[in-house]
Amino acid sequence: MNTPETYTYTQAFEELQQIVREIERGEILIDELSEKVRRAKILIEVCKSKLSGTEADVSRLLANLSGEGAGGNMGEGTGEGAGEAACGSVGTDGENATD
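Residues numbered from 1 in each chain as written. Predicted model: local features only at pLDDT ≥ 70, side-chain atom pairs only at ≥ 80, totals over all residues. Heavy atoms only, no water.

### Considerations on the overall build of the protein chain
When you go through the protein chain residue by residue, the secondary structure sums to three helices and zero strands. For the protein chain, the α and β elements follow one another from N to C terminus as α-α-α. Burial status across the protein chain gives 19% buried among its 99 residues. In the protein chain, once contacts between residues fewer than 6 apart in sequence are set aside, the share between residues at least 24 apart is 65%. Per element, the accessible surface of the protein chain, about 7,200 Å² overall, is 55% carbon and sulfur. (Helix = DSSP H or I, 4+ residues; strand = E, 2+ residues; numbered from the N terminus. Buried < 20%, exposed > 50% of the residue type's maximum accessible area, 1.4 Å probe, protein only. Contact = heavy atoms within 4.5 Å. Areas by Shrake-Rupley, 256 points an atom, 1.4 Å probe, with all protein chains shown as cover.)

### Focus on the nonpolar core
One finds Tyr7, Ala12, Leu16, Ile19, Ala40, Leu43, Val46 and Cys47 forming the largest nonpolar core, which totals eight residues. Taken together, the elements giving at least two residues each to this core come down to helix H1 (9–25) and helix H2 (30–69). In terms of residues, this core owes the most to one element, H2, which gives four residues. (Core = buried A, V, L, I, M, F, W, Y, C linked by side-chain atoms within 4.5 Å.)

### A few points about the confidence of the model for the protein chain
Of all residues in the protein chain, 66% have pLDDT values of 70 or greater, and the mean over the chain is 77. For the protein chain, the element scoring lowest by mean pLDDT is helix H3 (residues 78–98), at 39; H1 scores highest, at 96. When the criterion is pLDDT under 50, residues 72–99 qualifies, and its contacts beyond four places in sequence or with other chains add up to 21 contacts. (pLDDT = per-residue confidence, 0-100.)

### Overview of the pattern of salt bridges
Taken as a whole and judged by the stated rule, the model has six salt bridges. One salt bridge connects Arg39 with Glu15, and the closest N-O pair in it is separated by 2.8 Å. Taken together, the positions of Arg39 in helix H2 and Glu15 in helix H1 put the pair 24 residues apart, joining distant regions of the chain. Each member of the pair Arg39 and Glu15 is classed as buried. Note that Lys36 and Glu22 form a salt bridge whose closest N and O atoms lie 3.3 Å from each other. Highlighted residues: Lys36 in helix H2 and Glu22 in helix H1, separated in sequence by 14 residues. For Lys36, a relative accessible area of 26% puts it in the partly exposed group. (Salt bridge = Lys/Arg side-chain N within 4 Å of Asp/Glu carboxyl O.)

In structure tokens form, the structure reads like this:
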């Protein structure tokens, strides 16, 4: 079993799905249930962390692209305004996701 630090998003999500299926089918003994729920909590944290990191990376990339597309400093505030318009909602979600 991998440690949470070495999991990819896909690995964590697949293991989480397996735990959910086992719980839904009643395949988990009551003695195992609290351990499975603890494990699911860790996997959810891994998935959230990976998603937040990816969202931040995409936001940075979009901001960089918007800055390049605006032609640099050709007008006062032109580059910043273009960046905000292009990825404002992504940046807002990224800030909320990491809080």
